[in-house]
Amino acid sequence: DSGVTQTPKHLITATGQRVTLRCSPRSGDLSVYWYQQSLDQGLQFLIQYYNGEERAKGNILERFSAQQFPDLHSELNLSSLELGDSALYFCASSVGVRPTGNTIYFGEGSWLTVV
Amino acid sequence: GDSVTQMEGPVTLSEEAFLTINCTYTATGYPSLFWYVQYPGEGLQLLLKATKADDKGSNKGFEATYRKETTSFHLEKGSVQVSDSAVYFCALSEASNTGKLIFGQGTTLQVKP
């Protein structure tokens, strides 16, 4: 158990809908990351927050947004869903900003299926 | 941009065989390098890391050496076990002040008894 909690574990929704994925980081971790894992794109970095502020942005679509709340949990909002958004979405957390001196711990992921 | 290339899998080995999974990278600056492992139904776990050239990361019998001259970070284990069956990801962190990791495509290892 990494200590990173993601909900829901599985989600099936229709095209055009909106979903919210939730992540609770490990106790004491200030950085939260979101990654998307799909068969065709592999593991793609979406976004990083550090202590409530956006720190880095990757290949995140405009239809997707995220935020980190004062209690440090984070939510990833996916809207106008398309079939191609079906993927495993990972949340991860670390104490600091960079992975060099701070181990990044991954949650078990949220499986999103868009039908 | 920065990128990571891993050997394609799946890799199928018998128990106690020697394992090598190749990983090469392209990066500006001096990235840190990582190997992550994903067991079935679980998230990724950090296996080992190296932060500068010639560093050797090691954990659970796995080793990898940061080779700047060949831009490589190959994963090795002398004697694999069935329990090592998993997907292995090579990754780098950019030489920037963020936590972004760039992953290779992953290599599936299956170890047969």
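Being a predicted model, the structure only gives us computed values, none of them experimental.

Undergrad: Kindly report on the pattern of salt bridges, identifying the contributing residues and their values.
TA: Residue and element names in this part refer to chain A. For the structure shown, the criterion picks out eight salt bridges over all chains. Between Arg-22 and Glu-75 there is a salt bridge, and its shortest N-O distance comes to 3.9 Å. With Arg-22 in strand β3 (residues 19–24) and Glu-75 in strand β8 (residues 74–78), the pair connects residues that are 53 residues apart, well separated along the chain. Its relative accessible area of 34% is what places Arg-22 among the partly exposed residues.

Undergrad: Residues and numbers for the environment of Ala-92 of chain A, please.
TA: All names here are of chain A. On the secondary structure map, Ala-92 appears in strand β9 (residues 87–94). Classification of Ala-92 by relative accessible area gives buried; the value is 0%. For Ala-92 and Phe-106, which are 14 residues apart along the polypeptide, the C-alpha to C-alpha distance reads 4.1 Å. Among residues more than four places away in sequence, those in contact with Ala-92 are Ser-31, Val-32, Tyr-33, Ile-104, Tyr-105 and Phe-106.

Undergrad: Hey, could you go over the layout of surface pockets for me, with residue numbers and the actual values?
TA: Taken as a whole, the largest pocket spans an internal volume of roughly 680 Å³. Around the largest pocket, the lining comprises 31 residues; the ones closest to its centre are Gln-37, Leu-39 and Trp-111 of chain A together with Gln-38 and Phe-89 of chain B. Listed by contribution, the elements that provide at least two residues to the lining of the largest pocket are β4 (31–38), β5 (42–50) and β9 of chain A together with β10 (86–93) and β12 (107–112) of chain B. The element that contributes the greatest number of residues to the lining of the largest pocket is β5 of chain A, accounting for three residues.

Undergrad: Explain the interface of chain B and chain A to me, and be specific about the residues and the numbers.
TA: Between chain B and chain A, the contact holds 22 residues from the first and 21 residues from the second. Taking both partners together, chain B and chain A bury about 1,700 Å²; carbon and sulfur atoms supply 56% of that area. Counting every contact that joins chain B to chain A gives zero salt bridges. Counting the contacts that link chain B with chain A gives four residue pairs in polar contact (both at pLDDT 80 or more). For the side of chain B that touches chain A, the elements supplying multiple residues, two or more each, are β5 (32–38), β6 (44–50), β10 and β11 (101–103) of chain B. Along the lines of polarity and charge, the residues of the side of chain B that touches chain A split into eight nonpolar, 10 polar and four charged.

Undergrad: Residue-level account of the packing of aromatic side chains, with values.
TA: Geometrically, a pair of aromatic rings is defined through the distance of the ring centres and the angle of the planes. Using the criterion set out here, one finds 12 aromatic pairs over all chains in the structure. Taking the centre distance of 5.6 Å and the plane angle of 85° together, the rings of Tyr-35 of chain A and Phe-103 of chain B count as edge-to-face. Separated into two different chains, Tyr-35 of chain A in strand β4 and Phe-103 of chain B in strand β11 make up a pair that spans both. One exposure class covers both Tyr-35 of chain A and Phe-103 of chain B, and it is buried. Here the aromatic rings of Phe-90 of chain A and Phe-106 of chain A are separated by 6.1 Å at their centres, their planes lie at 85°, and the arrangement is edge-to-face. Note that Phe-90 of chain A is positioned in strand β9 and Phe-106 of chain A in strand β10 (residues 105–106), a separation of 16 residues in sequence. You can call Phe-90 of chain A buried: its relative accessible area is 0%. On the basis of relative accessibility, which here comes to 2%, the residue Phe-106 of chain A falls in the buried class. Through pairs of rings, three or more aromatic residues link up here, namely Tyr-35, Phe-45, Phe-90 and Phe-106 of chain A together with Phe-34, Tyr-36, Phe-89 and Phe-103 of chain B. It is Arg-26 of chain A that lies over the ring of Tyr-105 of chain A; its NZ or CZ is 3.8 Å from the centre.

Rules behind the numbers
- Residues numbered from 1 in each chain as written.
- Chains lettered and ligands numbered in written order.
- Predicted model: local features only at pLDDT ≥ 70, side-chain atom pairs only at ≥ 80, totals over all residues.
- Heavy atoms only, no water.
- Salt bridge = Lys/Arg side-chain N within 4 Å of Asp/Glu carboxyl O.
- Helix = DSSP H or I, 4+ residues; strand = E, 2+ residues; numbered from the N terminus.
- Buried < 20%, exposed > 50% of the residue type's maximum accessible area, 1.4 Å probe, protein only.
- Contact = heavy atoms within 4.5 Å.
- 1 Å grid on protein atoms, 1.4 Å probe; cavity = no way out; pocket = protein on both sides within 12 Å on 5 of 7 lines; lining within 4 Å.
- Points joined across faces, edges and corners; volume = space filled by probe spheres on them.
- Buried area = accessible area lost by both parts, 1.4 Å probe.
- Polar contact = N/O pair within 3.5 Å; in protein donor to acceptor, adjacent residues only side chain to side chain.
- Nonpolar A, V, L, I, M, F, W, Y, C, P; charged D, E, K, R; others polar.
- Phe/Tyr/Trp six-rings, centres within 6.5 Å; stacked < 30°, edge-to-face > 60°.
- Lys NZ or Arg CZ within 6 Å of the ring centre and 35° of its normal.

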